[in-house]
Amino acid sequence: MKKIIIGSRESKLAVVQCEMVKAHIERNARDTQVDILTMKTTGDMILDRTLDKIGGKGLFVKELDRALLDKRCDITVHSLKDMPMEIPKELPLLAFSKREDPRDVLVLPKGAKELDLSKPIGCSSRRRILQLMELYPSAQCKSVRGNVQTRLQKLDSGEYSALILAAAGLKRLGLEERIFRYFEPTEMIPAAGQGILAVQGRREEEIAGLKGFEDVDSAYEALAERAFVRHLNGGCSLPIAAHGMVSGNNMTLLGLFYDEDTGNYEKGSITGNKEDAECLGIALAKQLQESCGQDRETEA
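Given the structure is predicted, the values throughout are model-derived calculations rather than measurements. (Residues numbered from 1 in each chain as written. Predicted model: local features only at pLDDT ≥ 70, side-chain atom pairs only at ≥ 80, totals over all residues. Heavy atoms only, no water.)

Remarks on the overall build of the protein
Step number 1: Within the protein, the secondary structure is distributed over nine helices and 13 strands.
Step number 2: Relative to its full complement of 300 residues, the protein shows a buried share of 52%.
Step number 3: Taking contacts inside the protein between residues at least 6 apart in sequence as the whole, the part at least 24 apart equals 71%.
Step number 4: Accessible surface, the protein as shown: approximately 13900 Å² in total, 46% of it carbon and sulfur. (Helix = DSSP H or I, 4+ residues; strand = E, 2+ residues; numbered from the N terminus. Buried < 20%, exposed > 50% of the residue type's maximum accessible area, 1.4 Å probe, protein only. Contact = heavy atoms within 4.5 Å. Areas by Shrake-Rupley, 256 points an atom, 1.4 Å probe, with all protein chains shown as cover.)

Listed below in structure tokens is the structure:
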């Protein structure tokens, strides 16, 4: 019997996401044993500072990348929004999952019926904070780190009036009932890749049973969103957002660009053929740069 080991972060959500890939492989390669190897990443261990202060998204993947390179695991599974924009050539992304609900949501303490703005909203993402201020100008935000369960415990203990979280994670954990309000993508543009799982492996190595996991439309959306962010040199430290929506052969891409030099930001959209996904991402990035009055070129 063949054996495949999937590398994962230790959090419950990460393991649930790996189990989705594990189940797919087992259904499609019945002679294969699939095990999950969990590990704690640097990003999971440093919880007293925001991501932009400790090195960004790479802190959630470098231990998993090392496990792949050392052949301690055969593939790894990530929330695409947590992945750096630059991927090592020797560790390509093999497949993108069908997208779960990509929206951000507002979560209240257990038993609360309305948002109490006398307490801060738990939110560590500059992207979310910037857009939240458009919706709730009088709100105050306070950083919150940790896995979903840890954040919910802090919320329910009275430390925060609410949390901003991703719908996808709550739904995958069976916690959809905690959602008080959904923010439509036009209200709060999601992070690039939000709701999509990415399977990463070693170059030129095929994984039995992975065929069919890839969702073509999600792949196009991911390509456009990541091209947008990459062109703007965006990472955890900048509130840059991108969200693609495929309909038939077309795709509409929403984007938010923040000019750190001026503090100005612009939202916009572009529509085109989904097969031109990366070109659409770059074109929208340039369009929003110009709207912000930023004439200098950024690296593609």
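Once you've had a look at it, read on.
Some details on the pattern of salt bridges
Step number 1: Under the defined criterion, the tally for this structure stands at 22 salt bridges.
Step number 2: The salt bridge involving R103 is made with D101; its shortest N-O contact spans 2.8 Å.
Step number 3: Of the charged contacts in the structure, one is a salt bridge between K171 and D101, with a shortest N-O distance of 2.9 Å. Of this pair, K171 sits in helix α7 (residues 167-172) while D101 sits in the loop between β4 (93-96) and β5 (104-107); the two residues are 70 residues apart in sequence, bridging distant segments of the chain.
Step number 4: The network of salt bridges with common partners includes D101, R103, K171, E176 and E184. (Salt bridge = Lys/Arg side-chain N within 4 Å of Asp/Glu carboxyl O.)

Considerations on helix α8 (residues 216-231)
Step number 1: Counted at 1.5 Å a residue, the expected span for α8 with its 16 residues is 22 Å, and the 23 Å between its end C-alpha atoms agrees.
Step number 2: Across the 16 residues of α8, 12 count as buried, placing the element largely inside the fold.
Step number 3: S218, A219, Y220, E221, A222, A224, E225, R226, A227, F228, V229 and H231 are the residues of α8 that are buried.
Step number 4: If you follow the buried residues of α8, they end up packed against β4, β11 (241-247), β12 (250-258) and α9 (277-291).
Step number 5: Within two residues after α8, N233 carries a phi angle of roughly 55 degrees, on the positive side. (Expected span 1.5 Å × (residues − 1).)

Considerations on the nonpolar core
Step number 1: Within the largest apolar cluster, 27 residues are counted, with the highest numbers of intra-cluster contacts made by F228, V229 and L253.
Step number 2: When residues of this core are traced back to their parent elements, those giving at least two are α8, β11, β12 and α9.
Step number 3: Looking at which element gives the most residues to this core, the answer is β12, with six residues.
Step number 4: Judged by nonpolar contacts, the second largest core, of 16 residues, contains V144, Y160, L165 and L170. (Core = buried A, V, L, I, M, F, W, Y, C linked by side-chain atoms within 4.5 Å.)

Notes on the pairing of strand β1 (residues 2-9)
Step number 1: Taken together, the eight bridges between β1 and strand β2 (residues 32-39) define a ladder with parallel strand orientation. Across the sheet, residue S8 finds its bridge partner in β2, namely T38.
Step number 2: Bridge count for β1 against strand β3 (residues 75-79) is two bridges, and the pairing is parallel. Among the inter-strand pairings, G7 is bridged to a residue of β3, identified as T76. (Pairing = 2+ DSSP bridges.)

Some thoughts on the confidence of the model for the protein
Step number 1: Here the protein averages 90 in pLDDT, while 90% of its residues score no lower than 70.
Step number 2: Every residue in residues 295-300 is under pLDDT 50, and counting partners more than four places away or in other chains gives 12 contacts. (pLDDT = per-residue confidence, 0-100.)

What about the side chain of R151?
Step number 1: Checked against the element boundaries, R151 lands in helix α6 (residues 148-156).
Step number 2: Setting aside residues up to four positions removed in sequence, R151 forms contacts with V144, R145, G146, L163 and L165.

So, unusual backbone geometry
A negative phi holds for most residues other than glycine; trans holds for most peptide bonds.
Step number 1: In this structure, K71 is a non-glycine residue whose phi angle is positive, near 60 degrees.
Step number 2: Structurally, the position occupied by K71 is in the loop between α4 (62-69) and β3.
Step number 3: The exposed category is assigned to K71, whose relative accessible area is 56%.

Focus: the sheet that holds β11
Step number 1: Spatial ordering of the open sheet is given by β11-β12-β13, a layout of three strands whose pairing is antiparallel. If you trace the sheet from one side to the other, it starts and ends with β11 and β13 (265-273), each paired once. This sheet shows a mean twist of 15 degrees between the axes of neighbouring strands, independent of strand direction.
Step number 2: By the bridge criterion, seven bridges tie β11 to β12 in an arrangement that is antiparallel. By the bridge assignment for β12, S247 is matched with N250. (Axes fitted to C-alpha atoms, helices over the stretch in contact; angles between N-to-C directions.)

Concerning α9
Step number 1: Its 15 residues give α9 an end-to-end C-alpha distance of 21 Å, which sits within 8% of 21 Å, the value for a rise of 1.5 Å per residue.
Step number 2: Following α9 by one or two positions, G293 adopts a phi angle in the positive range, close to 80 degrees.

Overview of the environment of R230
Step number 1: Along the polypeptide, R230 turns up in helix α8.
Step number 2: It is 8.0 Å that separates the C-alpha atoms of R230 and E86, two residues lying 144 residues apart in sequence.

Considering the packing of α8 against α9
Step number 1: It is the contact of α8 with α9, at a shortest axis distance of 7 Å, that shows an interaxial angle of 35 degrees. Considering how the two elements wind past one another, α8 and α9 form a crossing that is right-handed. Where α8 abuts α9, its residues Y220, L223, A224, A227, F228, R230 and H231 lie against A277, E278, G281, I282, L284, A285, K286, L288 and Q289.
Step number 2: Of the residues that constitute the contact of α8 with α9, the class distribution is 10 nonpolar, three polar and three charged. (Left-handed = near helix turned anticlockwise from the far one by under 90°. Nonpolar A, V, L, I, M, F, W, Y, C, P; charged D, E, K, R; others polar.)

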